[in-house]
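Fold and contact review
Here is how the chains run, residue by residue.
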Amino acid sequence: MILLIETATQVCSVALSQGGEVLGELHSDEPNAHSARLSTLVGQLLEQQHLSFSQLDAVCVSSGPGSYTGLRIGVSSAKGYCYALQRPLLSVPTLQSMAAVCFGQLPHFNGLVCPMIDARRMECYTAFYRRTDSGAIEEVRAVQADIIEPQIYDEFLDSQEVLFIGDGAEKTKEILSVHPNAVYESSLPSSSAIRFQTSAAGMALIAEQKLKAGQTEDVAYFEPFYLKDFVAKKSVVRGLR
């Protein structure tokens, strides 16, 4: 039994999986509430599944990139559970997990999936993935922080369809959708329409494979993949400096 934790984006999501299959999932879209909601969601999910913490075999956390604060909350909580329970810690890249959710909803889509996390202005955290013949999610281009501009992805778009998903996709649509192979949720045929949402469930199969292969993280030293350095901003709250 693996507890899956996703806090890298605006969605706070937890799930339970066994043998790569999702047993249950809960999520919250409440903004800036990950620290308040995460432990509550975990407790509620275990209660719904009539399980206890002692029955967990491992804890898996979305490792980034994404929200600095969200990643810190998720990783800190996962480490706490693992330390208290003496269970192994697993991690799955956030963008790979997003791609897994998408491919799961579109079993007949044969193009590339490009998950996009909004990194402010016209910058997005992106990577490219394809589904192999065995059903595995394979990375085609590694994670980068891209400044979105025309022709940036023509090397991929010129050869096949690319489905752009995530909270960064909508703001890039006007620029990228001019290419005939650029696909967005809203442009999918009605028979294939999806409503994509970042979900801890996307880590289930990858986490299971990592647990079996012994690909665990060091609970003491593991850090999220931020990709960019955190820059503290001056508070806009009156009375704070």
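Scope of this entry: the structure provided in the associated data block. Since this is a predicted model, take the numbers as computed values, not measurements.

Our next topic: the side chain of Gln96. Here Gln96 is to be found in helix α3 (residues 94-105). Judged by relative accessible area, which is 16%, Gln96 ranks as buried.

Turning our attention to the sheet that holds strand β6 (residues 112-118). The five strands lie next to each other as β8-β7-β6-β9-β10, forming an open sheet whose pairing is mixed. Single-partner strands in this sheet number two, and they are β8 (137-147) and β10 (182-184). On average, adjacent strands in this sheet sit at an angle of 25° to one another, irrespective of strand direction. Taken together, the four bridges between β6 and strand β9 (residues 162-165) define a ladder with parallel strand orientation. Residue pairing across strands places Leu112 opposite Val162, the latter belonging to β9. Lying on the sheet, α3 is in contact with β6, β7 (123-131), β8 and β9; it crosses β6 at an angle near 130°.

A few words on the packing of aromatic side chains. The full count for this structure, using the stated rule, is six aromatic pairs. Considering the side-chain rings of Phe128 and Tyr153, the 5.1 Å spacing of their centres and the 70° angle between planes classify their relative orientation as edge-to-face. With Phe128 in strand β7 and Tyr153 in the loop between β8 and α4 (154-157), this residue pair connects regions lying 25 residues apart in the sequence. Every member of this aromatic cluster is reached through a ring pair, and the members are Phe128, Tyr153, Phe156, Phe164 and Tyr184.

Let us look at the packing of helix α1 (residues 34-48) against helix α2 (residues 68-85). The interhelical angle for the contact between α1 and α2, taken along N-to-C directions, is 35°, at an axis separation of 10 Å. At the point where α1 passes α2, the crossing takes the right-handed sense. Each of His34, Ser35, Leu38, Ser39 and Val42 in α1 lies in contact with α2, whose residues at this interface are Gly70, Ile73, Gly74, Ser77 and Tyr81. Of the residues that constitute the contact of α1 with α2, the class distribution is four nonpolar, six polar and no charged.

Here we take up the sheet that holds strand β2 (residues 12-18). Here we have five strands laid out as an open sheet, ordered β3-β2-β1-β4-β5, and mixed in their pairing. Looking at which strands have only one partner, the edges of the open sheet turn out to be β3 (21-28) and β5 (89-92). On average, adjacent strands in this sheet sit at an angle of 20° to one another, irrespective of strand direction. As defined by bridge partners, strand β1 (residues 2-6) adjoins strand β4 (residues 58-62) across four bridges and the pair is classed as parallel. Residue Ile2 lies in a different strand from β4, and its bridge partner there is Ala58. Sitting on the sheet, α2 touches β1, β4 and β5, and the angle it makes with β4 is about 170°. Here α3 sits on the sheet in contact with β1, β4 and β5, set at roughly 70° to β5.

Each value, and the rule that gives it
Residues numbered from 1 in each chain as written. Predicted model: local features only at pLDDT ≥ 70, side-chain atom pairs only at ≥ 80, totals over all residues. Heavy atoms only, no water. Helix = DSSP H or I, 4+ residues; strand = E, 2+ residues; numbered from the N terminus. Buried < 20%, exposed > 50% of the residue type's maximum accessible area, 1.4 Å probe, protein only. Pairing = 2+ DSSP bridges. Axes fitted to C-alpha atoms, helices over the stretch in contact; angles between N-to-C directions. Contact = heavy atoms within 4.5 Å. Phe/Tyr/Trp six-rings, centres within 6.5 Å; stacked < 30°, edge-to-face > 60°. Left-handed = near helix turned anticlockwise from the far one by under 90°. Nonpolar A, V, L, I, M, F, W, Y, C, P; charged D, E, K, R; others polar.

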